[in-house]
Number of protein chains: 2
Amino acid sequence: MTAAAGDARVENPATGDLSRLSLNTATTKSWTLAEAVDGTVRAGLGAIGLWRDRVAEAGLSEAAKLVADAGLRVSSLCRGGFLTTADDAAAKVALADNRAAIVEAATLGTSELIMVVGGLPAASAPGGPALAGGDRDLVAARRRVAMRIGDLVPFALEHGVRLVLEPLHPIFAADRAVISTLKQALDLAAPHPARAVGVVVDTYHVWWDPELQVQIARAGAEGRLAGYQVCDWTLPLAADPLLSRGYMGDGYVDFASIGRWVTAAAYTGDVEVEIFNQAIWDTPGDEVLAIMSDRYVRHVLPGLTR
Amino acid sequence: MTAAAGDARVENPATGDLSRLSLNTATTKSWTLAEAVDGTVRAGLGAIGLWRDRVAEAGLSEAAKLVADAGLRVSSLCRGGFLTTADDAAAKVALADNRAAIVEAATLGTSELIMVVGGLPAASAPGGPALAGGDRDLVAARRRVAMRIGDLVPFALEHGVRLVLEPLHPIFAADRAVISTLKQALDLAAPHPARAVGVVVDTYHVWWDPELQVQIARAGAEGRLAGYQVCDWTLPLAADPLLSRGYMGDGYVDFASIGRWVTAAAYTGDVEVEIFNQAIWDTPGDEVLAIMSDRYVRHVLPGLTR
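Just so we're clear, the structure is a prediction, and the values are computed from it rather than from any experiment. (Residues numbered from 1 in each chain as written. Chains lettered and ligands numbered in written order. Predicted model: local features only at pLDDT ≥ 70, side-chain atom pairs only at ≥ 80, totals over all residues. Heavy atoms only, no water.)

1. A word on the relation of the copies chain B and chain A
And then number 1: With an RMSD of 0.0 Å, chain B superimposes on chain A once it is rotated by 180° and translated 0.0 Å along the axis. Taken together, the rotation angle and the small translation identify this as a two-fold axis.
And then number 2: Taken as a fraction of all interface residues of chain B, those also at the interface in chain A reach 100%, which identifies the copy contact as same-surface. (Least-squares fit on C-alpha atoms with pLDDT ≥ 70 in both. Contact = heavy atoms within 4.5 Å.)

2. A look at the confidence of the model for chain A
Residue and element names in this part refer to chain A.
And then number 1: Here chain A shows a mean pLDDT of 92. Residues at 70 or above account for 91%.
And then number 2: Under a pLDDT of 50 for its full length, residues 1-9 has, in the predicted model, 24 contacts with residues more than four places off or in other chains.
And then number 3: Every residue in residues 125-133 scores below 50 in pLDDT, and together they form 4 contacts with partners more than four places removed in sequence or on other chains.
And then number 4: Both scores are given for the predicted complex: the pTM is 0.93, the ipTM 0.92. (pLDDT = per-residue confidence, 0-100.)

3. Examining the packing of helix α8 (residues 212-221) of chain B against helix α9 (residues 255-264) of chain B
All names here are of chain B.
And then number 1: Relative to each other, α8 and α9 sit at 25°, their axes nearing to 8 Å. Our classification of the angle between α8 and α9 gives roughly parallel. As for the relative orientation of α8 and α9, their crossing is right-handed in sense. Contact with α8, carried on its side by Leu212, Gln213 and Ile216, involves Ile258, Trp261 and Val262 of α9 and no other residues of that element.
And then number 2: When grouped by side-chain class, the residues that make up the contact of α8 with α9 number 5 nonpolar, 1 polar and no charged. (Axes fitted to C-alpha atoms, helices over the stretch in contact; angles between N-to-C directions. Helix = DSSP H or I, 4+ residues; strand = E, 2+ residues; numbered from the N terminus. Parallel < 35°, antiparallel > 145°, perpendicular 65-115°, else oblique. Left-handed = near helix turned anticlockwise from the far one by under 90°. Nonpolar A, V, L, I, M, F, W, Y, C, P; charged D, E, K, R; others polar.)

4. Some remarks on the pairing of strand β3 (residues 73-81) of chain B
Residues and elements named next belong to chain B.
And then number 1: Within β3, 7 of the 9 residues are buried, leaving the element largely enclosed by the surrounding structure.
And then number 2: Here 5 bridges tie strand β2 (residues 47-51) to β3, and the two strands are oriented parallel to one another. When the bridges of β3 are listed, isoleucine 48 appears paired with valine 74.
And then number 3: Where β3 lies against strand β4 (residues 112-116), 4 bridges are found, and the strand directions are parallel. Of the residues in β4, the one forming a bridge with leucine 77 is leucine 113. (Buried < 20%, exposed > 50% of the residue type's maximum accessible area, 1.4 Å probe, protein only. Pairing = 2+ DSSP bridges.)

5. Side note on helix α11 (residues 285-304) of chain A
And then number 1: A bend of about 45° at Val297(A) is the largest found in α11(A).
And then number 2: With 14 of 20 residues buried, α11(A) is to be regarded as a mostly interior element. (Bend = angle between axes of the 7 residues up to and from the residue.)

6. Description of the pattern of salt bridges
And then number 1: The full count for this structure, using the stated rule, is 34 salt bridges over all chains.
And then number 2: Of the charged contacts, one joins Asp69(B) and Lys65(B) as a salt bridge, the two residues approaching to 2.6 Å between their closest N and O atoms. Residue Asp69(B) and its partner Lys65(B) are located together in helix α3 (residues 60-70), separated by 4 residues, close to a single helical turn.
And then number 3: Each of Lys183(A), Asp187(A), Arg218(A), Glu222(A), Arg224(A) and Glu211(B) takes part in salt bridges that share partners, so that together they form one network. (Salt bridge = Lys/Arg side-chain N within 4 Å of Asp/Glu carboxyl O.)

7. Considering the side chain of Arg162(A)
All names here are of chain A.
And then number 1: Counting through the fold element by element, arginine 162 comes out in strand β5 (residues 162-165).
And then number 2: In this structure arginine 162 comes out as buried when scored by relative accessible area, which is 12%.
And then number 3: Engagement of the side chain of arginine 162 in a polar contact is seen with the side chain of glutamate 112, the distance being 2.9 Å.
And then number 4: Other than its neighbours up to four places away in sequence, arginine 162 contacts Ser111, Glu112, Leu113, Ala194, Arg195, Ala196, Val197, Gly198, Gly223, Arg224, Leu225 and Ala226. (Polar contact = N/O pair within 3.5 Å; in protein donor to acceptor, adjacent residues only side chain to side chain.)

8. Details of helix α4 (residues 88-108) of chain A
Residues and elements named next belong to chain A.
And then number 1: When the terminal C-alpha atoms of α4 are compared, their 30 Å separation across 21 residues agrees well with the 30 Å that a helix rising 1.5 Å per residue should span.
And then number 2: Listing the buried residues of α4 in full gives Ala91, Ala94, Leu95, Asn98, Ala101, Ile102, Glu104, Ala105 and Leu108.
And then number 3: The N-cap of α4, judged by a side-chain oxygen 3.3 Å from the amide nitrogen of alanine 89 a few residues on, is aspartate 87.
And then number 4: One or two steps after α4, the chain reaches glycine 109, where phi turns positive at roughly 85°. (Expected span 1.5 Å × (residues − 1).)

9. Digging into the state of the cysteines
Residue and element names in this part refer to chain A.
And then number 1: Throughout the structure, instances matching the rule amount to 0 disulfides over all chains.
And then number 2: Among the cysteines around cysteine 231, which has no disulfide bond, cysteine 78 carries the closest sulfur, lying 12 Å off.
And then number 3: With relative accessibility at 0%, the residue cysteine 231 sits in the buried group. (Disulfide = S-S within 2.5 Å.)

10. With respect to the interface of chain B and chain A
And then number 1: With 35 residues of chain B at the contact, the number on the chain A side is 35 residues.
And then number 2: At the boundary of chain B with chain A, total buried surface from both sides reaches about 2800 Å², with 69% on carbon and sulfur atoms.
And then number 3: In terms of surface lost to chain A, no three residues of chain B exceed Arg136(B), Trp208(B) and Tyr252(B), which account for 22% of the buried area on that side.
And then number 4: If you look at where chain B meets chain A, you find 2 salt bridges. (Buried area = accessible area lost by both parts, 1.4 Å probe.)

11. A few points about the sheet that holds strand β10 (residues 271-273) of chain A
Sheet strands pair via backbone hydrogen bonds, and the direction of the pair is either parallel or antiparallel.
Residues and elements named next belong to chain A.
And then number 1: Spatially, β1-β2-β3-β4-β5-β6-β7-β10 is the arrangement adopted by the 8 strands of the closed barrel, whose pairing is parallel. For this sheet, the mean inter-axis angle between neighbouring strands, taken without regard to orientation, is 30°.
And then number 2: Relative to the sheet, helix α5 (residues 138-158) contacts β4 (112-116), β5 and β6 (197-202), its axis offset from that of β5 by approximately 145°.

12. Observations regarding the pairing of β6(A)
All names here are of chain A.
And then number 1: In terms of burial, β6 is largely enclosed, as 6 of its 6 residues are buried.
And then number 2: Side chains Val197, Val199 and Val201 of β6 all project onto a buried face; the interleaved residues Gly198, Val200 and Asp202 project onto the opposite face, where all are buried too.
And then number 3: Viewed along the sheet, the connection from β5 through helix α6 (residues 182-189) into β6 turns out right-handed.
And then number 4: Pairing of β6 with strand β7 (residues 225-230), which is carried by 4 bridges, proceeds in the parallel orientation. Looking at the pairing, valine 199 lines up with leucine 225 of β7. (Right-handed = clockwise from strand over helix to strand, strands pointing away.)

13. Some points on the environment of Thr28(A)
All names here are of chain A.
And then number 1: Looking at the secondary structure, you find threonine 28 in the loop between β1 (21-24) and α1 (33-42).
And then number 2: On the basis of relative accessible area, threonine 28 is assigned to the buried category, the value being 4%.
And then number 3: As for threonine 28 and glycine 39, which are separated by 11 residues in sequence, their C-alpha atoms are 9.7 Å apart.
And then number 4: Those residues in contact with threonine 28 that sit more than four places away from it in its chain are Leu23, Gly285 and Val288.

14. Quick word on the environment of Thr27(B)
All names here are of chain B.
And then number 1: You can see threonine 27 is positioned in the loop between β1 (21-24) and α1 (33-42).
And then number 2: Looking at threonine 27, the relative accessible area reads 0%, which means it is buried.
And then number 3: In this structure, the C-alpha to C-alpha distance between threonine 27 and proline 236, residues 209 residues apart in sequence, is 20 Å.
And then number 4: Discounting residues that sit within four places of it in the chain, threonine 27 has contacts with Val273, Glu274, Ile275, Ile280, Trp281, Val288 and Met292.
And then number 5: At 2.7 Å, the side chain of threonine 27 and the backbone oxygen of valine 273 are in polar contact.
And then number 6: A polar side-chain atom of threonine 27 sits 3.0 Å from the main-chain amide nitrogen of isoleucine 275.

So this is what it looks like as structure tokens:
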């Protein structure tokens, strides 16, 4: 039940259909974009999910060419967001950065820009001056996110890119994302067209939610289910909870049930594996791809097959 | 923003009304029940929240006499619950233990028995055999909780004790409580009379919830708001997240807003301070009471005053 990579043997080489499986480049952190593209092709996957840092290192045009030449789909670009600041000047910078991310997504050939919306402004300044009461105002931070999503929608529509709101586990509500549930993400998306604002289901963040089945169905019915990301909730938590994710099957997530709900919501898109975990980052990339492919076939794929 | 007790000075001695403030005995872990009762009286608080381990050490009749003689209200007894097992024999043992807790609550003079319902059965057996698929079935675990609450209701009613469902932060969904939101707790309570099944709002567990205001209002309207427990969400998390709680004001919880919501829901009961934190446990009890009283007056009480 731990995420120690040493325990994660490939018990059977993956023999299932990997065409919907996507490597999120954060899972193989030590790889350059070119290495990640090559590794993804070598492992027989159909898609890749890109982080902006890897794209920037390669150069945007070169990155787009690399992926296109390899014949891979880009399942998503990670990430825009960080829209909670109460400071007007900082908000302008954040909006400009999100517009740049929208252009990057369009250039890379993906319609889906994952949005991690940011935490309480106070949490961005540890060791800073004493907090004013307003800095703990979660309701106001959420209101600013709603407003700034609205600001970005026209630009996103112009570029054929969808802002994909990602609810993060409530463990990150203070310091990373004030969107904590799928229902909340869908409520924020509701004023906008489905091709402008969508949602992503990341099992690590939402597996515990009593409303999960209902809200996944709603996301499907509204045409907003823009992505499915998988990894496991393992215990004990890592010292940095951000790095506490595990391979599918190493923890407590019920992939069979969640997969059925996603499939019932008519999701037929790619399935990204996005794992932040130091032990996995220390494992050679090809080995990581072999393990995640095996785990995908054994734990995730059965739920996706009607 | 950390929970280090050394940082937690009493900046102003508490001069506000402490009549609704209650010491949960888990906050002063090193104190016996007699010491906790004496300390609570010395600090001028109106109530005490009891854990069963301290009561058992003192003996049930002696504990009841101690608290009554001191003129303190018992705001709650912690705790019943742990009802998720899939094993029939283990379920019988759990139900018997909950009936014992109901009798203890009645004997101690409190109507409110806090229920921590338990996590996934699989999480109770770390290092055990490989998990069967069913052990990750959160939906089934929640169904068993609903059923067993129903089993306990008649006995609770007979004894004038309310089963108070506590939603725990989703960080504990795997290993401690499959009730993760106030809405879910209220939905589970709904089939039963309000004097049989209630809910408690613990800020540490629910501060992040986008539905919090709405569900607190609902709890009030349904007559089920049975307790208000306060402590803060601090970062970084302690190595054991269970011990990661801080004094009010040391973290990210917006006590002013939540206090207004609780007050708008017509809650006029006691306000328990329940902090699990090694640094606070290592601080002399009288000092802890002085700090928590000061923080209560500065951060919590303003929200409770209409």
